[in-house]
Every structure is written in structure tokens, then in C-alpha cells.
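Descriptive structure summary
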Amino acid sequence: MTKPPLTLYLAAPRGFCAGVDRAIKIVEMAIEKWGAPVYVRHEIVHNKFVVDSLRDKGAVFVEELDECPDDRPVVFSAHGVPKSVPAEASQRQMVFVDATCPLVSKVHVEAQRHSDAGLQMIMIGHKGHPETIGTMGQLPEGEVLLVETVADVATVTVRNPEKLAFVTQTTLSVDDTKDIIAALQDRFPAIVGPHKEDICYATTNRQEAVKAVAPKSDALLVVGAPNSSNSRRLVEVASRAGCNYAQLVQRATDIDWRALEGISSVAITAGASAPEVLVNEVVDAFRAHYDVTVTPVETATENVEFKVPRVLREPA
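A brief structural summary. Positions within a chain are numbered from 1, following the residues in the order the chain's sequence is written. Reporting of local features is limited, given that this is a predicted model, to residues whose pLDDT is at least 70; pairs of side-chain atoms are given and counted only at 80 or more, and all residues count toward the totals for whole chains, interfaces and linings. Side-chain calculation: all heavy atoms of the structure are included, whereas hydrogens and water are not.

**A word on the sheet that holds strand β2 (residues 38-41)**
Strands are labelled as partners when DSSP assigns at least two bridges between them. Each helix is a run of DSSP H or I of at least 4 residues and each strand a run of E of at least 2, with the numbering of both proceeding from the N terminus. One open sheet holds the four strands; their spatial order is β3-β2-β4-β5, and the pairing between them is parallel. Here the strands that pair on one side only, and so sit at the sheet edges, are β3 (59-62) and β5 (96-98). If you compare each strand with its neighbour and ignore which way they point, the axes differ by 25 degrees on average. Here strand β4 (residues 74-76) runs beside β5; their pairing, made up of three bridges, is parallel. Axis geometry follows a simple rule: fit a line to the C-alpha atoms, using only the stretch in contact for helices, then measure angles between N-to-C directions, giving values from 0 to 180 degrees.

**What to know about the environment of Leu-10**
Position of Leu-10 among the secondary structure elements: in strand β1 (residues 5-12). Sequence separation of Leu-10 and Val-297 is 287 residues, and the distance between their C-alpha atoms is 5.9 Å.

**Points about the pattern of salt bridges**
Think of it this way: side chains of opposite charge can pair up when their charged atoms draw near. Each salt bridge in this description consists of a side-chain nitrogen of Lys or Arg and a carboxyl oxygen of Asp or Glu lying within 4 Å of one another. For the structure shown, the criterion picks out 17 salt bridges. Salt-bridge contacts for Arg-206 lead to Glu-302; the nearest nitrogen and oxygen are separated by 2.8 Å. Of this pair, Arg-206 sits in helix α8 (residues 201-213) while Glu-302 sits in the loop between β12 (291-298) and α11 (310-313); the two residues are 96 residues apart in sequence, bridging distant segments of the chain. According to the relative accessible area criterion, Arg-206 is buried, its value standing at 2%. Taking the relative accessible area as the measure of exposure, Glu-302 reaches 26% and is therefore partly exposed. Residues joined by salt bridges that share partners form a network here, namely Asp-175, Lys-178, Glu-208 and Lys-211. For every residue, the accessible area (1.4 Å probe, protein chains only) is compared with the maximum for its type, and the residue is labelled buried under 20%, exposed over 50%, or partly exposed between those bounds.

**Regarding the packing of α8 against helix α9 (residues 229-240)**
The N-to-C vectors of α8 and α9 enclose an angle of 30 degrees; their axes lie 9 Å apart at closest approach. Here α8 is positioned roughly parallel relative to α9, judged by the angle of their axes. Seen along the crossing, α8 lies across α9 with a hand that is right-handed. Here Thr-203, Arg-206, Gln-207, Val-210 and Lys-211 of α8 come into contact with α9, specifically with Asn-230, Arg-233, Leu-234, Val-237 and Ala-238. Our angle categories are set so that under 35 degrees counts as roughly parallel, over 145 as roughly antiparallel, 65 to 115 as roughly perpendicular, and the remainder as oblique. Helix crossings are classified by the rotation of the near helix relative to the far one: an anticlockwise turn of less than a right angle makes the crossing left-handed, while a clockwise turn makes it right-handed. Only heavy atoms enter the contact rule, under which two residues are in contact if any of them lie within 4.5 Å.

**So, the pairing of strand β10 (residues 246-249)**
Pairing of strand β9 (residues 219-223) with β10 involves four bridges; the strand directions are parallel. Opposite Leu-221, over in β10, you have Gln-247 as the bridge partner.

**Considerations on the environment of Glu-32**
With respect to the helices and strands, Glu-32 occurs in helix α1 (residues 18-34). Remark: the alpha-carbon pair of Glu-32 and Lys-57, spanning 25 residues in sequence, is separated by 9.5 Å.

**Quick notes on helix α2 (residues 48-57)**
Among all positions of α2, only Val-50, Val-51 and Leu-54 are buried. An end-on view of α2 places all buried positions within 95 degrees of arc, on one side of the element. Exposed positions of α2 whose direction lies more than 90 degrees from the buried face are Lys-48 and Asp-56. Where α2 is buried, its residues contact α1 and β3. Residue Gly-58 follows α2 closely and has a positive phi angle near 125 degrees. An arc is given here, and it is the one of the directions from the helix axis to the C-beta atoms.

**A word on the nonpolar core**
Here, nonpolar core refers to any group of buried Ala, Val, Leu, Ile, Met, Phe, Trp, Tyr and Cys residues whose side-chain atoms link them within 4.5 Å. Val-27, Ile-44, Leu-54 and Val-75 are the most contacted members of the largest nonpolar core, which totals 31 residues. Those elements giving two or more residues to this core turn out to be α1, β2, α2, β3 and α4 (102-116). Setting aside anything within four residues of it in sequence, one finds Val-75 in contact with Ile-26, Val-27, Ala-30, Val-38, Tyr-39, Val-40, Arg-41, Ile-44, Val-97 and Ala-99. Within the second largest apolar cluster, 24 residues are counted, among which are Leu-221, Leu-260, Ala-270 and Phe-286.

**Details of the side chain of Asn-205**
Note on placement: Asn-205 falls in helix α8. The term polar contact refers here to a pair of N or O atoms within 3.5 Å; inside protein, the definition further demands a hydrogen-donor-capable atom paired with an acceptor-capable atom, and it admits residues adjacent in sequence only when both atoms are side-chain atoms. Looking at Asn-205, its side chain comes within polar contact range of the side chain of Glu-302, at 2.9 Å. When near neighbours in sequence (up to four residues on either side) are disregarded, Asn-205 contacts Pro-13, Thr-299, Ala-300 and Glu-302.

**Some details on the sheet that holds β9**
With parallel pairing, five strands are arranged side by side in an open sheet as β10-β9-β11-β1-β12. Of all strands in the sheet, those bounded by a partner on one side alone are β10 and β12. Put simply, the sheet's adjacent strands are angled 25 degrees from each other on average, direction ignored. Against the sheet, α8 touches β1, β9, β11 (265-270) and β12, its axis set at about 155 degrees to β1. On the sheet, α9 packs against β9, β10 and β11 and is oriented at approximately 165 degrees with respect to β10.

Worth remembering: the numbers are spatial, not functional.
The structure is reproduced here in C-alpha cells:
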């Protein structure tokens, strides 16, 4: 039986960003340097495949520091942690390595700088997300107010409307954030923003690539985890950009083939914490069902690289 023809648009950039790449490398190098087990507070990045493969190498994933013994190294996830976490690790004289993405650390520094200048912070982010918890935890209780939507801006109660600054979670939708920032500036004309927007280059690039492929695709699949903020934003961006069927899949086994019946074009991308091996798995699954023509669509080139902490580059 002949397979139906299918044009497969492969969006680029996609998949691992420099911060994720660095975080995974940090865990691998820590295991190499100190041996197993190495403890990791929270998922190092939001991807089950990555977490499982690091677990196989000797990483032990925990939710809180009190689940870690004092005599084993601990790595903090790429999303960042509240200041209280490294403080507790130091107090317990633990060996710890911070795998916080440098672009998230930049937001932490920014929040501290504004606070030192006497400004109360407003953070645009998702409640309960590890990055939001980490950023809000850089300052004392009440110094960072969270807004998730334009509607939240109308009800937020600030100490002094003349002394405000805002930061954003790095993995948000560029378009959503733009509307929230506009609402903040409208309500609080004196609010101070970052020199350069906080949404990271990788998030922006992946969203732009989706905007380029979505309008010409009958369906778009984002390879990523359900708890990955940047992956979920890619699904939303695709729907808004005119793709009628946009779905998040963790693996090829999650593809709903019945929903794709009759399509002639599909686009594939991957969130910043999804490895390329999973993209290849999805492409191979389409090859099994269709006569596939792969068309890469690249909207930017990425050559960013972040160094791992010095402690891992020094001999044990």
C-alpha cells in the first residue's frame, strides 16, 4: 500500500538551549568528579527522558534540600532557587553546584539591584513555576509581587506607584508578556523595566520559528514535557499563528494519528529542554505512516555557549 505524501516542516532553532545544555553537563561532570550518587534539587530541566537518563548515570532527584545527606554533592536546577537554599547548603557545609541558567541569574541580579535602589518588584510569571519561586525568593517576603495576566495588573496592590520595577520569567510568550508590560506601564507610568527584555533568546527564537511554520502547516507538534513552560507556550504561539491543530507530545507514542487523518503538511519543533533524539523519533514515526518530504525552516542561528562552574573544571 502506498503511503500518502506529507510535507514535514522542521522548525529551527528547536530543542536544547545553551542553559539546558550547561545544566545537563553540570550533572554529568559532577557524577564524573565525585562519583554517584549526586543529588539534584528538582528536575534539572523539565524533560522526563533527560531526567531518567541522568538518573541511570547516578543522579538522585529530590524536591527539597532536607532529603539530601550532608556528605554528598547537590546540584540546583536550571530554573534557579530562592536565596534560602544555597544559604542552608552552606550552613550544612554541603558541596553544592548551582546549575541556574545564566539568563535566569541575570534576572535575579536585576531584581536585587532594583530592590537595593528602594524599588518594589513586580514579576510577570506563572505562579508555582520553579523559576518564579526562585526569582521571588531572591528578595524578602512582600518585595516581589506576582502578576500572571493583564487582569492581575488592574488589581495588584503596590507600596508606592512611583517606586516600582518589573522583571519577567524567561520562558513566557513574547506576545502575552508585551500586553502585560503595556498594562503595567499604563497603570504605573514610573515603573522601571529591564535594559533588555528578560525573555531569553532561545524562547524568543523558538517562538519566531513556530510563527514561520504554523500558518503553512495543517498540524504542528511540539516535542516537550507538560510541565515545561516554554514548550507549552510554543503550542499557544502555533494556535495563534494560524495552525488549526497544535499539540504537545513527549514521545512519538503520544501522537494521535486519528486526529491527523487527511493532513498534507505537519510542522515539528521542540521545547528548550527536549533532546534532538526525541525529535528524530517523531520524524521516524511520520516516515512509517507517510511518504515524507522534510523541509527545514530556519529563522535564526544560535551559537551561544555558557561555561560550567569552575569547581567542575578543577581536578577533584
